[in-house]
Amino acid sequence: MMIRKKISMAAWLLVWFCWGMGIGQVAAQYKTDFLLTGLQNEQLKTSVEQSLTALLTEFNTAQAAGRSLQWDVPALQGKLSEQAIASLRALWANSPFRCTETEVIEKCLQTPSGYQVRNIPLIMMPLDKENYQDDLYQELVVNLDRDGTISEVYFSIGMHLYSKVIRSNITVTDLRRRQVILDFVENFRTAYNRKDLPFLGQVFSDDALIITGKQIKSVKNDGGITLDKSFEYKRQTKAEYLANLKGVFSRNKVIKVIFDDIKVVKHPVKDYYYGVTLKQGWRSDTYSDVGYVFLLIDFKDEMNPMIHVRTWQPEKYDDGTEVPESKIFSLSDFEC
């Protein structure tokens, strides 16, 4: 159960007002204490608490001072992997953040590779204030190895989506697999926010099928009847997709990807294959849309999942009507 010591509403309003006015000292610099539950090893528990307290306090101090993150804090020495440092630097470059709570208490979850802490609250301070004044609240996920070193950090999907998937299974084995899937989906989403081309290049198989769809303009026949709405599809190779994405990343200061819905379906025959359908919101400096992303993911190597298929379709037709579920790509549309 999540317990938090909230700051006052007045303090929240101060954060919002000062950020909107461009005031560097957004709020008083203060320490955020992190307390952990659910970890029986007291020595490890204390070490993780110290590391996360130091990390959140560094977020607060760096954001208020308008500087980059620094890792020379004694409590962080040797406690951050190179991957975690690179992820934090990339996220910070687009939108610095802070924790506006003086105390955070969260449960430690066990994972196949170590431990995980979820629901760490952050307030984003985007560099592009004019176009990004909503959805400033994010929650951070921290993965740790068995020694307590912070191995990965990324933004979480909504707790309602996480719970929806976790609670929709029966067997213990499938529960563990679903945890791995959700961790991958969250990291996949954050990869776009941090413009992480190397990660995306790693998770797409070399022969990945990448499809984007757009509506074919509706036409009327001689009887004045509008023909069924349909899509035409463009197929890209992995190399083409990544090359286009590189251009998108270079043209936009900020990329923001969110997932509003998620559906996970296990392949009926191949145990390691899952179809994941996501309702995705995309926003950047030059473009925004809402659509459905389908991923066919191979989890045979759980530490290195591989995407074999990625599709995208708009949420609505040009006339504003929603695309029916039967028209959205799913696991049954592909052979594997």
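Details of the structure are given in the entry above.
Basis of the calculations
- Residues numbered from 1 in each chain as written.
- Predicted model: local features only at pLDDT ≥ 70, side-chain atom pairs only at ≥ 80, totals over all residues.
- Heavy atoms only, no water.
- Helix = DSSP H or I, 4+ residues; strand = E, 2+ residues; numbered from the N terminus.
- Buried < 20%, exposed > 50% of the residue type's maximum accessible area, 1.4 Å probe, protein only.
- Contact = heavy atoms within 4.5 Å.
- Areas by Shrake-Rupley, 256 points an atom, 1.4 Å probe, with all protein chains shown as cover.
- Phe/Tyr/Trp six-rings, centres within 6.5 Å; stacked < 30°, edge-to-face > 60°.
- Lys NZ or Arg CZ within 6 Å of the ring centre and 35° of its normal.
- Salt bridge = Lys/Arg side-chain N within 4 Å of Asp/Glu carboxyl O.
- Core = buried A, V, L, I, M, F, W, Y, C linked by side-chain atoms within 4.5 Å.
- Lys, Arg positive; Asp, Glu negative; His and termini not counted.
- Polar contact = N/O pair within 3.5 Å; in protein donor to acceptor, adjacent residues only side chain to side chain.
- Pairing = 2+ DSSP bridges.

1. With respect to the overall build of the protein
Here comes step 1: The helix and strand tally for the protein stands at 7 helices and 13 strands.
Here comes step 2: Out of the 336 residues belonging to the protein, those deemed buried represent 52%.
Here comes step 3: Put simply, of all contacts in the protein between residues at least 6 apart along the chain, 62% involve residues at least 24 apart.
Here comes step 4: When the accessible surface of the protein is summed, it comes to about 16800 Å², and 53% of that surface belongs to carbon and sulfur atoms.

2. A closer look at the packing of aromatic side chains
Here comes step 1: Taken as a whole and assessed by the stated rule, the structure comprises 13 aromatic pairs.
Here comes step 2: Plain terms: the ring middles of Tyr192 and Trp282 are 5.9 Å apart, the flat faces sit at 75° to each other, and that makes the pair edge-to-face. Here Tyr192 is found in helix α5 (residues 172-193), whereas its partner Trp282 is found in strand β11 (residues 273-284), with 90 residues between them in sequence. Trp282 matches Tyr192 in its accessibility class, with the two residues each being buried.
Here comes step 3: For the pair Phe329 and Phe334, a centre-to-centre distance of 5.5 Å together with 40° between the ring planes defines the contact as tilted.
Here comes step 4: Note on Phe329: relative accessible area 13%, which makes it buried.
Here comes step 5: Members of the aromatic cluster, joined through ring pairs, are Phe184, Phe188, Tyr192, Phe204, Tyr241, Tyr274, Trp282 and Phe299.
Here comes step 6: The ring centre of Phe199 lies 5.4 Å from the NZ or CZ of Arg194, which sits over that ring.
Here comes step 7: Taking the ring centre of Tyr273 as reference, the NZ or CZ of Lys270 above it sits at 5.4 Å.

3. As for the environment of Lys234
Here comes step 1: Within the secondary structure, Lys234 sits in strand β9 (residues 230-236).
Here comes step 2: Separated by 23 residues in sequence, Lys234 and Ile211 have C-alpha atoms that sit 5.6 Å apart.
Here comes step 3: Among all residues touching Lys234, those that are not within four sequence positions of it are Ile210, Ile211 and Thr212.

4. With respect to the pattern of salt bridges
Here comes step 1: As enumerated under the stated definition, the model contains 10 salt bridges in all.
Here comes step 2: With a closest N to O distance of 3.4 Å, Asp33 and Lys31 form a salt bridge.
Here comes step 3: On the accessibility criterion, Asp33 (30% relative accessible area) is partly exposed.
Here comes step 4: Residues Arg118 and Glu186 are paired through a salt bridge, measuring 2.4 Å at the closest nitrogen-oxygen approach. Note that Arg118 is positioned in strand β5 (residues 114-124) and Glu186 in helix α5, a separation of 68 residues in sequence.

5. Quick word on the nonpolar core
Here comes step 1: Membership of the largest hydrophobic core comes to 39 residues, with the highest contact counts inside it found for Phe188, Tyr192, Leu200, Phe204, Ile262 and Val276.
Here comes step 2: The greatest single-element share of this core, amounting to 8 residues, is contributed by α5.
Here comes step 3: In this structure, Phe188 is in contact with Phe199, Leu200, Val203, Phe204, Phe259, Leu295 and Ile307, ignoring residues within four places of it in sequence.
Here comes step 4: Among the nonpolar cores identified, the runner-up in size contains 35 residues, and Leu80, Cys108, Tyr115 and Ile120 belong to it.

6. Things to note about the side chain of Asp298
Here comes step 1: Along the polypeptide, Asp298 turns up in strand β12 (residues 288-298).
Here comes step 2: Within the buried core, Asp298 has no salt-bridge partner, and the shortest N-O distance to an opposite charge, that of Lys300, equals 7.1 Å.
Here comes step 3: Within the local environment of Asp298, its side chain forms a polar contact with the backbone nitrogen of Lys300, the two atoms lying 2.9 Å apart.
Here comes step 4: Residues within four places of Asp298 in sequence aside, it is in contact with Tyr272, Tyr273, Pro305, Met306 and His308.

7. Things to note about the pairing of β5
Here comes step 1: With 11 of 11 residues buried, β5 is to be regarded as a mostly interior element.
Here comes step 2: Bridge count for strand β3 (residues 97-98) against β5 is 2 bridges, and the pairing is antiparallel. From the neighbouring strand, Arg98 faces β5, where its bridge partner is Ile123.
Here comes step 3: In terms of strand pairing, strand β4 (residues 103-111) meets β5 through 4 bridges, oriented antiparallel. Within the sheet, the bridge partner assigned to Cys108 lies in β5 and is Val117.

8. Things to note about the environment of Leu136
Here comes step 1: Among the structural elements, Leu136 can be located in the loop between β5 and β6 (137-145).
Here comes step 2: With relative accessibility at 11%, the residue Leu136 sits in the buried group.

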